[in-house]
Amino acid sequence: MNQSFYIGAVGAHQQLRRLNIHGNNIANVNTFGFKAEKSRFQALMYQNWQGVEEELPMGVGTSLLMTSTDYSTGRVADTGRPLDYMIEGDGFFALADLATGEVTFTRNGAFYMAEYLRPTGMADPDTGEAVTEKVFCLSDGEGRFVLSQEGGLIEVTDYQIEQPIGVFDYSNYDGMLQLNDTRYLPADKNGDLWLGTGKLRQGVLEQSNADLAEELTKVIESQRAYGLALKMVQTSDEIETTINNLRG
């Protein structure tokens, strides 16, 4: 079979994956705290390799090696809302899911007040059950609570004043798992967690760092490459058909 058939088929599939990446960036261009992803390609083979029965030739196309996240700071959006926060510089907000114990990190500082039943350390004299009191703590609005620099929940008594929100950071961001559009889960390779150097700003939010003009350009590039790859497949198929007909 003509090798160009495989090169075209692989190229079309990889360009489709690239389109999905840049399409997701465009869809989140207005999502606060969103970090754009970049596609990285590699050649499948640089040299000939000895296969089981024959030598495999070099030059069988490229594939999407990985996607890397651009963690650069986005533009500032002035909201005037007291529970909106932005980090100037490096670092993340920490979000704790009390049901699972999972701690994730985000740059989206659009926070809310949520009810939390805090243990009082006392027991009900009649039932013996632990007594709790209802307080309001800082939350992401999706069931997770924002952590302070000491790693505890932040009780909100006056939402107008700046809250003691923790800013946390890692020495290496490579390999952080993206859970949704703005939340990340660190991996072992990210190193130890420390207090970040970024500064809090109240009443503003960090906008997406996805550049719409750049993303649209990448989409057009991928569309053209996808079309050319399919044309290569079609042409290779026509060549093989002609050769088979000549044999007959």
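The text that follows walks through the structure, step by step, so that each part is easy to find. Please read these numbers as outputs of a predicted model, since none were measured by experiment. (Residues numbered from 1 in each chain as written. Predicted model: local features only at pLDDT ≥ 70, side-chain atom pairs only at ≥ 80, totals over all residues. Heavy atoms only, no water.)

**Observations regarding the side chain of Asp97**
Thought 1: In this fold, Asp97 is placed in strand β7 (residues 93-97).
Thought 2: Within the buried set, Asp97 has no salt-bridge partner at all; the shortest N-O distance to an opposite charge, 4.9 Å, is to Arg144.
Thought 3: With sequence-adjacent residues up to four places away left out, Asp97 is seen in contact with Glu102 and Arg144. (Helix = DSSP H or I, 4+ residues; strand = E, 2+ residues; numbered from the N terminus. Buried < 20%, exposed > 50% of the residue type's maximum accessible area, 1.4 Å probe, protein only. Lys, Arg positive; Asp, Glu negative; His and termini not counted. Salt bridge = Lys/Arg side-chain N within 4 Å of Asp/Glu carboxyl O. Contact = heavy atoms within 4.5 Å.)

**Points about the pairing of β7**
Regular strands have side chains that alternate between both faces of the sheet.
Thought 1: Most of β7 sits inside the fold, with 5 of its 5 residues counted as buried.
Thought 2: The two faces of β7 match: Phe93, Leu95 and Asp97 on one face and Ala94 and Ala96 on the other face are all buried.
Thought 3: As paired elements, β7 and strand β8 (residues 102-106) share 5 bridges and run antiparallel to each other. Counterpart to Leu95 in the pairing with β8 is Thr104.
Thought 4: Strand direction decides the pairing type here: β7 and strand β11 (residues 145-146), joined by 2 bridges, are antiparallel. Residue pairing for β11: Ala96 is matched across the bridge by Phe145. (Pairing = 2+ DSSP bridges.)

**Observations concerning a nonpolar patch on the surface**
Thought 1: Residues Met113, Phe136 and Tyr159 make up a contiguous nonpolar surface patch of about 270 Å² in total accessible area.
Thought 2: One can find Met113 in strand β9 (residues 112-123). (Patch = residues over 30% accessible without salt bridge, like charges linked within 9 Å, V, L, I, M, F, W, Y side chains within 5 Å. Areas by Shrake-Rupley, 256 points an atom, 1.4 Å probe, with all protein chains shown as cover.)

**A look at the pattern of salt bridges**
Thought 1: Under the counting rule described, the total for this entry stands at 13 salt bridges.
Thought 2: Across the pair Lys38 and Glu214 runs a salt bridge whose closest N-O atoms are separated by 3.2 Å. Placement of the pair is Lys38 in strand β1 (residues 37-43) and Glu214 in helix α2 (residues 212-247), with a sequence separation of 176 residues.
Thought 3: Lys38 gets classed as buried once you look at its relative accessible area, which sits at 17%.
Thought 4: The shortest N-O distance in the salt bridge between Arg107 and Glu206 comes to 2.9 Å. Note that Arg107 is positioned in the loop between β8 and β9 and Glu206 in strand β17 (residues 204-206), a separation of 99 residues in sequence.
Thought 5: Judged by relative accessible area, Glu206 falls into the buried class, the value being 1%.
Thought 6: Connected through salt bridges with shared partners, the residues Lys35, Arg107 and Glu206 form a single ionic network.

**Focus on the nonpolar core**
Thought 1: The biggest cluster of nonpolar side chains holds 13 residues, and the ones touching the most others in it are Tyr85, Phe93, Phe111, Leu138, Val146, Ile165 and Leu200.
Thought 2: Mapped by element, the contributors of at least two residues to this core are β6 (85-88) and β7.
Thought 3: Formed by 11 residues, the second largest nonpolar core is a distinct cluster that contains Phe105, Leu147, Tyr173 and Tyr184. (Core = buried A, V, L, I, M, F, W, Y, C linked by side-chain atoms within 4.5 Å.)

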